[in-house]
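# Structural characterization, general
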Amino acid sequence: MAANYSDDIGPMAYPMKLVSSEMVEHMMGWNIPEEHQAMVHAHWRSFPAVSKYYHFILALIYTMLMVTSLVGNGIVIWIFSTSKSLRSASSMFVINLAVFDLMMMIEMPLLIANSFYQHPIGFQLGCDVYAVLGSISGIGGAITNAVIAFDRYKTISCPLDGRINKVQASLLIAFTWFWSMPFTILPALKVWGRFVPEGFLTTCSFDYFTDDQDTKVFVACIFVWSYAIPMALICYFYSQLFGAVRLHERMLQEQAKKMNVKSLASNKEDASKSVEIRIAKVAFTIFFMFVCGWTPYAFVTMTGAYGDRSLLTPVATMIPAVCCKIVSCIDPWVYAINHPRYRAELQKRLPWLGVREQDPDTVSNSNSVTTTQSHTPTAEA
């Protein structure tokens with residue numbers, strides 16, 4: 001029995017020693033085996049270990065996000081891929097964005113399991129799998145938003161000869177997947193950069209803490225590739241698009257005054273253009289969410305490489321990561337709320353959702369008839 005106690009305490013003091021050992025404050029990374037300690041950067045070791053209750057709360061949040069995303073993005077893919085009224089080149093980009101968002105959700109079961117173990121399952125291999133899924137979905141989703149902005153700009157500014165056909169759409173979709181590969185494959189193979197745990201040490205991303213020139217250049221390049229370039233393209237195409245939208249609406253207003261009608265959609269072609277404008281507004285909303293979701297994370301990575309690292313606490317680092325996941329969940333519901341043809345299909349196929357939307361083609365025809373009837377007496381007079 002004496003072997004169970006230390007030399008400086010007796011049997012009566014042993015229970016107090018047990019309590020005191022449980023109250024010892026562990027530091028981040030304490031539960032990762034010695035052979036995998038190289039995964040954890042020294043920056044994280046300077047913080048006390050996060051309470052298990054924070055891990056459980058994060059797991060609960062990710063579980064809700066995962067269910068929401070699977071349902072929302074699953075419905076988007078189902079509706080857009082099987083509805084005749086939505087079989088267009090533009091719809092192919094929406095499906096592609098939903099696929100990237102779903103890929104981001106695939107990593108969530110890993111995060112949930114990691115939260116209960118309080119370290120990455122599989123350690124380096126599990127970390128690589130998690131980060132590869134996040135890299136492909138994040139970079140792919142960013143460039144897909146830029147492609148959607150380009151498609152909306154072409155469709156609305158040049159409605160007759162500017163529409164992208166399905167072959168061109170397929171090539172652009174292949175381009176988005178190609179775009180996401182370099183900064184996924186290189187760190188996964190440790191050719192340039194690497195994937196490491198971050199935040200609570202239950203999520204993984206590319207290394208932005210190692211203090212050497214190679215890492216700093218890698219962080220700068222991936223920032224430009226995955227954030228700055230898509231952002232610049234999106235801003236350019238939307239600025240051009242809304243210029244075209246303002247010009248078109250001004251022309252419709254002038255036409256309505258001349259024809260003495262209330263509706264700006266004086267015929268089916270104009271009604272179709274109004275539908276396109278609504279879709280463009282949806283796309284702009286998704287762009288706004290992209291900015292809100294990925295700008296904080298871009299700030300974290302650039303701060304880790306070039307700024308004041310003391311700002312990057314485990315909790316502060318996890319907030320931008322959660323924002324990225326929330327955006328991927330909200331995307332499909334934005335389409336459900338605003339896309340007229342999508343809402344019409346939801347009403348037909350899933351009436352229990354309570355969506356109410358008239359078929360845009362029916363509305364266009366009735367508008368055309370109403371406009372003709374309103375205009376005829378004026379002409380006769």
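Conventions adopted
- Residues numbered from 1 in each chain as written.
- Predicted model: local features only at pLDDT ≥ 70, side-chain atom pairs only at ≥ 80, totals over all residues.
- Heavy atoms only, no water.
- Core = buried A, V, L, I, M, F, W, Y, C linked by side-chain atoms within 4.5 Å.
- Buried < 20%, exposed > 50% of the residue type's maximum accessible area, 1.4 Å probe, protein only.
- Helix = DSSP H or I, 4+ residues; strand = E, 2+ residues; numbered from the N terminus.
- Contact = heavy atoms within 4.5 Å.
- Axes fitted to C-alpha atoms, helices over the stretch in contact; angles between N-to-C directions.
- Left-handed = near helix turned anticlockwise from the far one by under 90°.
- Nonpolar A, V, L, I, M, F, W, Y, C, P; charged D, E, K, R; others polar.
- UniProt positions renumbered as here; feature names shortened; annotations may be inferred.
- Phe/Tyr/Trp six-rings, centres within 6.5 Å; stacked < 30°, edge-to-face > 60°.
- Lys NZ or Arg CZ within 6 Å of the ring centre and 35° of its normal.
- Disulfide = S-S within 2.5 Å.
- 1 Å grid on protein atoms, 1.4 Å probe; cavity = no way out; pocket = protein on both sides within 12 Å on 5 of 7 lines; lining within 4 Å.
- Points joined across faces, edges and corners; volume = space filled by probe spheres on them.

## Concerning the nonpolar core
Residues Trp-44, Leu-58, Tyr-62, Phe-206, Tyr-208, Phe-290 and Trp-294 are the most contacted members of the largest nonpolar core, which totals 59 residues. When residues of this core are traced back to their parent elements, those giving at least two are helix 3 (52-82), helix 4 (89-106), helix 5 (108-117), helix 6 (124-157), strand 2 (203-206), helix 9 (213-259), helix 10 (268-306) and helix 11 (314-338). In terms of residues, this core owes the most to one element, helix 9, which gives ten residues. Residues contacting Tyr-208, with those up to four places away along its chain left out, are Trp-44, Glu-198, Thr-215, Val-219, Tyr-297, Val-300, Thr-301, Gly-304, Ala-305, Arg-309, Leu-312 and Thr-317.

## Some details on the packing of helix 6 against helix 7 (residues 166-180)
Helices that pack against each other are described as a pair by the angle of their axes relative to one another and the distance between those axes. At a closest axis distance of 8 Å, the pairing of helix 6 and helix 7 adopts a crossing angle of 145 degrees. Seen from above, helix 6 lies across helix 7 with right-handed handedness. Residues Ile-136, Ile-139, Gly-140, Ile-143, Thr-144, Val-147 and Phe-150 of helix 6 touch helix 7, and the partners they reach there are Leu-172, Phe-175, Thr-176, Trp-177, Trp-179 and Ser-180. Within the contact of helix 6 with helix 7, the residues separate by chemical class into nine nonpolar, four polar and no charged.

## Brief notes about unusual backbone geometry
For Phe-123, which is not glycine, the phi torsion reads 50 degrees and is therefore positive. For Phe-123, the location among the structural elements is in the loop between helix 5 and helix 6. In this model, Leu-201 sits at a positive phi of 65 degrees, which is unusual for a non-glycine residue. Its place among the elements puts Leu-201 in the loop between strand 1 (195-198) and strand 2.

## Overview of the UniProt feature "transmembrane region" (unreviewed entry) in the protein
As annotated in UniProt, the feature "transmembrane region" (unreviewed entry) corresponds to residues 53-81, 93-117, 129-150, 171-192, 217-238, 282-299 and 311-334 in the numbering used here. Counting secondary structure, residues 93-117 comes out at 96% helix and 0% strand; the distance between its end C-alpha atoms is 38 Å. Helix makes up 77% of residues 171-192 and strand 0%, whereas the separation of the span's terminal C-alpha atoms amounts to 28 Å.

## Side note on the packing of aromatic side chains
Inspection of the entire model under this criterion finds 20 aromatic pairs. Measuring from ring centre to ring centre gives 5.8 Å for Phe-206 and Phe-218, while their planes differ by 70 degrees; the resulting arrangement is edge-to-face. Highlighted residues: Phe-206 in strand 2 and Phe-218 in helix 9, separated in sequence by twelve residues. Joined through ring pairs, the aromatic side chains of Trp-44, Phe-175, Trp-179, Phe-183, Trp-192, Phe-206, Tyr-208, Phe-209, Phe-218 and Trp-225 make up one cluster. One cation-aromatic arrangement involves Lys-216 over Tyr-306; the distance from NZ or CZ to the ring centre is 5.3 Å. Here the basic side chain of Arg-349 rests over the ring of Trp-78, its NZ or CZ set 5.3 Å away from the ring centre.

## Some words on the state of the cysteines
Going through the model one piece at a time under the given rule, you end up with one disulfide. A disulfide-free cysteine, Cys-323 has its sulfur positioned 6.9 Å from the sulfur of Cys-324, the nearest such atom. Residue classification places Cys-323 among the partly exposed residues on the basis of a relative accessible area of 26%.

## Remarks on empty space enclosed by the protein
The gaps of empty space that remain are located by a probe, the size of a water molecule, rolled over the atoms. One pass over the full model with this rule turns up six cavities of 30 Å³ or more. Its boundaries defined by the atoms lining it, the largest cavity holds a volume of some 440 Å³. Lining the largest cavity are 27 residues, with Gly-134, Ser-205, Phe-206, Trp-294 and Tyr-297 sitting closest to its centre. Those elements giving two or more residues to the lining of the largest cavity turn out to be helix 6, strand 1, strand 2, helix 9, helix 10 and helix 11. In terms of residue count, helix 6 provides more of the lining of the largest cavity than any other element does, six residues in total. A per-class count over the lining of the largest cavity returns 17 nonpolar, seven polar and three charged. Forming the walls of the second largest cavity are 16 residues, and the residues nearest its centre are Asp-101, Gly-141, Trp-294, Val-327 and Asp-331. Among the secondary structure elements, those contributing two or more residues to the lining of the second largest cavity are helix 4, helix 6, helix 10 and helix 11.

## Re the environment of Gly-293
Tracing the backbone shows Gly-293 in helix 10. Along the primary structure Gly-293 and Ser-328 are separated by 35 residues, whereas in three dimensions their C-alpha atoms are 8.8 Å apart. Residues contacting Gly-293, with those up to four places away along its chain left out, are Pro-320, Cys-323, Cys-324 and Val-327.

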